[in-house]
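# Summary of the model geometry
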Amino acid sequence: ITISYCLHCHSQSFLPSTISGYKQANVVILHKSLADDFEKFCHANNGPLPLLYRSKPGDWKCPSLSSDSDIRTDCPQYRVYEHGAFTGSVKSLKEYSEQLKDMVTFYLGCSFSFEKAIQNAGIPIRNVEQECNVSMYKTAVPCYSISTFCCNLVVTMRPIPEGKLEAAVLATSELKEAHGAPIHIGDPGLLGIQDLSKPDYGDPVHLHPGDIPVFWACGVTGVEAVINCRSPLAFTHSPGCMFITDLKNDSVTVGSSREVPQVYCISQDPLHYSMVSAEAAQKIKNLENLIGIDPGERGIIHLHRPDELLKACLAISHARSVLITTGFPTHFSYEPPEENDGPPGALAIAAMLQALEKDVAIVTDQRAMDLNKKIIDDAVQLGILKRPVPLLSYRRENADSALIFLCENGNPGRPRFDHLIAIERAGMAADGNYYNARKVNIKHLVDPIDDLFLAAQTIPGVTTTGVGDGGNELGMGKVKEAVKKHIKNGDIIACDVEADFTVVAGVSNWGGYAIACALYILSTCEIHDRYLRKAVGFPQLLKMVWLSALPSVTKEEKLLKALVQHGVRSGKTASLEMEVDGLPFYDTHSLMIEKLLQEVQQ
């Protein structure tokens with residue numbers, strides 16, 4: 001016998017034990033002429049709308065879900081919609097039996113089905129504790145549209161203690177018919193939800209201290225689709241008043257590391273967590289270990305912080321627009337004074353960002369604009385970049401210059417860039433000067449691009465990464481105490497300006513190559529891709545485009561030759577040979593590129 005109830009008035013803790021652990025369903029009933037399109041809409045948005053069963057026209061039963069059901073009475077309350085307008089709630093649809101003969105019922109998975117799995121993992125369910133319905137919110141995230149079915153995603157929110165986030169994700173990730181893993185963890189504003197205390201459906205659920213709001217895709221998305229399609233007559237369950245099936249929620253064991261999700265915090269303001277498979281995370285950690293060797297014996301091993309590459313690349317993956325800066329004029333007595341560590345790594349990152357269809361720009365010193373334009377043009381000709389990267393310069397004219405540069409009209413609520421990357425960029429020391437590794441002050445050659453990283457710390461939603469190999473590079477302020485202690489001349493040369501994430505490499509270019517490779521790994525990770533697109537739409541299948549954007553020995557060899565022709569010298573030796581930081585390209589840099597690519601393609 002099918003059991004039904006309405007959670008609008010009662011907590012699940014009061015349910016008879018026979019209900020606990022049974023699969024539940026959202027219900028949408030539409031005219032048969034709309035049924036094929038709605039089914040396509042469900043398949044195109046299977047996070048919020050996992051289709052359990054589609055009836056034939058006029059069929060009130062669903063034998064695969066329940067042995068003895070009648071959809072006209074099995075939900076305790078229904079909503080009636082006419083031409084998209086809600087016209088009332090009813091306890092039974094029997095009075096509509098004649099119209100229902102030409103209508104099709106869709107049974108869609110429901111998040112109440114996974115609450116038992118969450119409880120079994122030892123995680124409190126606050127809406128059950130507070131004896132109220134779960135909170136449901138309309139978001140600003142558009143679903144993938146099919147014909148007349150178009151709407152924004154609806155989500156449920158459950159407060160989860162911070163220490164149990166990964167356990168909650170793990171408990172739900174394989175329950176695909178109950179919406180699977182969360183689609184967002186952290187600040188509700190990132191989904192366009194303004195006020196958690198005012199849900200669009202259900203009841204407000206209060207967060208305990210230390211709780212993080214966690215959002216799952218919700219089947220009430222189907223109700224929004226029904227409203228927007230404006231069909232003459234449609235029915236849905238009332239939110240919280242579910243159809244209960246005869247099927248048990250069997251626990252699912254997660255298989256390979258490809259399927260095991262991990263959770264990482266990528267921003268504090270606004271609070272934002274990301275998700276990645278254990279397999280992809282391990283590959284990126286392996287990349288970090290590969291580039292962390294110290295061929296110059298500078299002592300950089302002491303600067304290393306675990307998982308910084310992974311967290312930086314997760315943050316970059318979520319960004320829409322990225323600003324890169326590079327340029328270290330260490331050779332002050334030559335023209336140009338730039339070294340050849342930095343630009344290749346910056347262009348490797350830019351190439352992958354272009355392939356991922358993100359906006360990317362480069363900011364550098366005004367005096368080096370012509371040189372950088374030539375390098376970018378070379379990179380396009382050599383097939384490294386798909387198209388030229390916009391090249392910008394920054395001047396400090398007043399106290400607001402950095403904010404005006406980074407944000408539209410200087411408004412912190414409208415940043416032009418979500419993420420800033422500095423790679424082998426001269427960084428300001430504690431005394432306001434800029435030093436090369438030999439303690440020579442090169443401030444006269446450096447524009448104060450550090451201002452942008454300092455300003456970014458005050459702009460919500462803008463994160464930063466610094467890539468360096470000696471501690472005097474922009475962003476290395478995060479590890480400045482280790483630089484002062486372990487790096488030669490560190491007490492003077494250490495950069496004082498922090499980035500959110502610090503990627504330490506034996507050679508900074510390697511850090512750029514590793515970021516490009518890590519972004520490729522993330523883009524091909526199903527768990528991360530689903531989280532990025534909020535479980536709506538389809539996975540992007542652009543693997544060949546992304547593969548072709550990866551750095552290669554051939555591309556980097558050609559680029560280094562072009563840099564030599566422009567008079568850009570090796571950092572340590574100032575030689576115009578095929579070397580970077582005094583290390584030969586062949587058998588040192590070429591071998592590192594091969595090792596990184598091998599890790600990507602395993």
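This text follows the structure it describes.
Residues numbered from 1 in each chain as written. Predicted model: local features only at pLDDT ≥ 70, side-chain atom pairs only at ≥ 80, totals over all residues. Heavy atoms only, no water.

Strand pairing in a sheet takes place through backbone hydrogen bonds and is either antiparallel or parallel in direction. In space, the six strands of this open sheet follow the order E17-E16-E15-E18-E19-E20, with parallel pairing throughout. Both outer strands of the open sheet, strand E17 (391-393) and strand E20 (501-504), are each paired with one neighbouring strand and no more. The sheet shows a mean angle of 25° between the axes of neighbouring strands, direction not considered. Relative to strand E18 (residues 419-425), strand E15 (residues 321-327) runs parallel, the two being bridged by six bridges. Residue Thr-325 lies in a different strand from E18, and its bridge partner there is Ala-422. Of the strands in this sheet, E15, E18, strand E19 (463-468) and E20 are in contact with helix H8 (residues 308-318), which crosses E20 at around 125°. In the packing of helix H10 (residues 369-381) onto the sheet, contacts are made with strand E16 (359-364) and E17, and the angle to E17 comes to roughly 165°. (Pairing = 2+ DSSP bridges. Helix = DSSP H or I, 4+ residues; strand = E, 2+ residues; numbered from the N terminus. Axes fitted to C-alpha atoms, helices over the stretch in contact; angles between N-to-C directions. Contact = heavy atoms within 4.5 Å.)

Our focus in this paragraph is the layout of surface pockets. If you add up the space inside the largest pocket, you get close to 1300 Å³. Around the largest pocket, the lining is made up of 36 residues, and of these Ser-317, His-318, Ala-319, Arg-320 and Leu-532 lie nearest the centre. Sorting the residues of the lining of the largest pocket by element identifies strand E13 (261-268), H8, helix H15 (508-523) and helix H16 (526-532) as the ones contributing at least two each. Taken together, the residues of the lining of the largest pocket sort by class into 16 nonpolar, 12 polar and eight charged. (1 Å grid on protein atoms, 1.4 Å probe; cavity = no way out; pocket = protein on both sides within 12 Å on 5 of 7 lines; lining within 4 Å. Points joined across faces, edges and corners; volume = space filled by probe spheres on them. Nonpolar A, V, L, I, M, F, W, Y, C, P; charged D, E, K, R; others polar.)

Turning next to the packing of aromatic side chains. Counting across every chain of the model gives 12 aromatic pairs. Ring centres of Phe-38 and Phe-106 lie 4.9 Å apart, and the angle between their planes is 70°; on these two criteria the pair is classed as edge-to-face. Of the two residues, Phe-38 sits in helix H1 (residues 32-44) while Phe-106 sits in strand E5 (residues 103-109), which places them 68 residues apart along the sequence. In terms of burial, Phe-38 and Phe-106 fall into one category: buried. Relative to Phe-149, the ring of Phe-41 has its centre 6.0 Å away and its plane inclined at 35°; by these criteria the two rings are tilted. Of this pair, Phe-41 sits in helix H1 while Phe-149 sits in the loop between strand E6 (135-142) and strand E7 (152-161); the two residues are 108 residues apart in sequence, bridging distant segments of the chain. The burial state of Phe-41 is the same as that of Phe-149; both residues are buried. Members of the aromatic cluster, each reached through a chain of ring pairs, are Phe-38, Phe-41, Phe-106 and Phe-149. Across the ring face of Tyr-22, the terminal group of Lys-248 is positioned such that the distance to the ring centre comes to 4.8 Å. (Phe/Tyr/Trp six-rings, centres within 6.5 Å; stacked < 30°, edge-to-face > 60°. Buried < 20%, exposed > 50% of the residue type's maximum accessible area, 1.4 Å probe, protein only. Lys NZ or Arg CZ within 6 Å of the ring centre and 35° of its normal.)

Below, the discussion takes up unusual backbone geometry. Each neighbour pair has its own omega, and for Asp-269 with Pro-270 the value is -5°, a cis peptide bond. Within the secondary structure layout, Pro-270 lies in the loop between E13 and strand E14 (271-277). In this chain, Glu-335 is followed by Pro-336 through a cis amide linkage whose omega measures 0°. Among the secondary structure elements, Pro-336 is positioned in the loop between E15 and helix H9 (343-355). At Ser-147, a residue that is not glycine, the phi angle is positive and equals roughly 55°. Tracing the sequence through the fold places Ser-147 in the loop between E6 and E7. In this model, Glu-424 sits at a positive phi of 45°, which is unusual for a non-glycine residue. Along the chain, Glu-424 turns up in strand E18. According to the relative accessible area criterion, Glu-424 is buried, its value standing at 3%.

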